Amino acid sequence: MAVSPPTRLALRGDLLDFTAAPAWGDTASTAVRFRPDHHLLVEGGRIVGAQPAAEPLDPSWSVADHRGHLVLPGFIDTHVHSPQLDVIASHGTALLDWLDTYTFPAERRYADPAEAEAGAARFLDALVAHGTTSAVVFATVHKVSADKLFEAAQARGMRLITGKVLMDRHAPDGLRDDVEQAERDCTDLIARWHGVDRLAYAVTVRFAPTSTPEQLAMAGRLCASHPGVYMQTHVAENVDEVKWVAQLFPEARSYLDVYARAGLMNARGVFAHGIWLDDTDRALLHDHQALIAHSPSSNLFLGSGLFGWRAAEAAGVAVAVASDVGGGTSLSIQRNLADAYKVQAMAGERLSAWTALHAATRGAALGLGLEGEIGSLEAGATADVCVWDWAAGPVPHAHVGRGAALGLGLEGEIGSLEAGATADVCVWDWAAGPVAQRRHAVATALHEKVFAWMTLSDERNLAAAYVAGIPRHQRGAALPC
Ligand SMILES: [Zn+2]
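Residues numbered from 1 in each chain as written. Predicted model: local features only at pLDDT ≥ 70, side-chain atom pairs only at ≥ 80, totals over all residues. Heavy atoms only, no water.

1. Some points on the coordination of the zinc ion
How we decide: Only nitrogen, oxygen and sulfur atoms qualify as donors, and only when within 2.8 Å of the metal (3.2 Å in the case of Na, K and Ca); with water excluded, sites may look incomplete. Geometry assignment treats four donors as tetrahedral when all angles are between 85 and 135 degrees, treats four as square planar and six as octahedral when opposite donors are over 155 degrees apart and all others between 65 and 115, and treats everything else as irregular. Labels follow the DSSP assignment, with helices taken as runs of H or I lasting at least four residues and strands as runs of E lasting at least two, numbered in each case from the N terminus. Categorising residues by exposure relies on relative accessible area from a 1.4 Å probe, with only protein chains included: less than 20% of the type maximum marks a residue as buried, more than 50% marks it as exposed, and the intermediate range marks it as partly exposed.
For the zinc ion, the full set of protein donor atoms is His79 (NE2), His81 (NE2), His234 (NE2) and Asp324 (OD), and the range of their distances to it is 2.0 to 2.3 Å. Each of the four donor atoms around the zinc ion contributes to a set of angles spanning 89 to 169°, which defines the coordination as irregular. Read N to C, the donor residues that coordinate the zinc ion are spaced as H-x1-H-x152-H-x89-D. Of the two residues, His79 sits in strand 5 (residues 75–81) while Asp324 sits in the loop between strand 13 (318–321) and helix 11 (333–346), which places them 245 residues apart along the sequence. On the accessibility criterion, His79 (1% relative accessible area) is buried. Take Asp324: its relative accessible area is 4%, and that puts it in the buried class.

2. Structural notes on helix 1 (residues 95–108)
Note the threshold: Helix span, expected: 1.5 Å multiplied by one less than the number of residues in the helix. In this analysis the local bend is the angle between axes fitted, respectively, to the seven residues ending at and the seven residues starting at the residue. In this description, contact between two residues means that some pair of their heavy atoms is separated by no more than 4.5 Å.
With 14 residues, helix 1 should cover 20 Å at 1.5 Å per step; its first-to-last C-alpha distance of 18 Å lies within 8% of that length. Tyr102 marks the point of greatest bend in helix 1, at about 35°, and the proline Pro105 comes within the next four residues. For helix 1, the set of buried residues is Leu95, Trp98, Leu99, Thr103, Phe104, Ala106 and Glu107. In this fold, the buried residues of helix 1 make contact with strand 5 and helix 6 (239–248).

3. Some remarks on the side chain of Asp281
As a reminder of what qualifies: Here a polar contact is taken to be a pair of N or O atoms separated by no more than 3.5 Å, where protein atoms must pair a possible hydrogen donor with a possible acceptor and residues adjacent in sequence count only if both atoms sit in side chains.
Along the chain, the position of Asp281 falls in helix 8 (residues 279–287). What makes Asp281 buried here is its relative accessible area of 4%. Only 2.9 Å separates the side chain of Asp281 from the side chain of Arg253, close enough to count as a polar contact. Not counting residues within four places of it along the chain, the set of residues in contact with Asp281 comprises Arg253, Ser254 and Leu256.

4. Things to note about the sheet that holds strand 2 (residues 32–43)
Quick note on the threshold: We treat two strands as partners when DSSP finds at least two bridges between them. Lines fitted to C-alpha atoms define the axes, with helix axes restricted to the stretch in contact, and inter-axis angles between N-to-C directions lie between 0 and 180 degrees.
Reading across the sheet, the seven strands line up as 3-2-1-4-14-17-18 and stay open at both edges, with mixed pairing between neighbours. With one partner strand each, in any of the chains shown, strand 3 (46–52) and strand 18 (470–474) form the two edges of the open sheet. Direction aside, neighbouring strands of the sheet carry axes that sit 35° apart on average.

Treat this as a map of the structure, not an account of what it does.
Structure follows, in structure tokens:
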């Protein structure tokens, strides 16, 4: 793990980040800072400045030449579940059934330290390989699962916020804690990890139905007695879930009010989803400067609902973007942003690439109180930087497509690769490289280029990812961690 960054590293490419929040719908926003063909100057793992590539550099700088590539701050995934890589893309359920059928069995495996350790490594390597260098993560109810995530993030030099899940009811055997043990576990983990290197603890309430009122109160006490810790949970994701919470907590005005009553509303609160909120809830989120982690691919995949981004924005609520894997279908932030655009389109809104990318970088950092460290290419920030192809080239793998022939009664002739069928065969690139390349070539305005990139790209476009100035992912190369 002893990888030290070059003292002075200059990353050459087209630099793009934000200096302010872009106004909704403004495709010509001056909050965007685009610096084509620049050197991003990194010293001792921190960004120290940038200058046009045409200006000479003295020989003390080693140059990583990514010219012609898009250089962005590493993405920040504000809500994702490490053990749920195992259940991504599971068929046929909405939230509550999905938890019982897929998620809980997968999470039970993390009681085993070896499983937790291997899972943490697999998860963090996957994040970085998707261009995500910081994340707010749910571990499992097991203390060891959080321990192993912290260890793995520390070894990779990553900014990570996580915690052991609190869950003392409405969960199967092997996945429940109790108030006293959970409090001891959290206190231990906070003492061991919170504020160490780039790590922070999050008091992690799975959601109101799986914690007793006593456990919620204990979580509130932890937040109050450890200022600076985060709090993460789910809120108002699914209609049946909202009804269940109303039955369990009849005294609360709303789902969010359950958390407010337990003392869980604060500026370090990260609330996933927030689809079924009202104006009073949004005012409460705003008053406490809490963050919503909008998880569009999960919301579509589980049929949870369409997030009202404009209403949140109008109420002054901070919104970041999240993959919510495994409810979400990809760790790729671009894929989630492309879904976010479609969710807004269903409401007649037009999400700009600027608002979308801001929510995955500077906006998320602001919401987490980490704007000096992550989310921008500003001098002083840690050099968490990703280098992207504007358009990925064709990938030299191919597979064979098929058509549906059964409905036509022609299944013996067409639609399969079965012996006896006529050889009607198509060969496809796995990646739509030429389409994206062409779209990029004909785009003129910057927003047009970046919006097309955001919509068409994914992790296959990632050329390199740097964490604190150290290359942690390079396409086609095995790197130490
Ligand atoms: Zn979630």
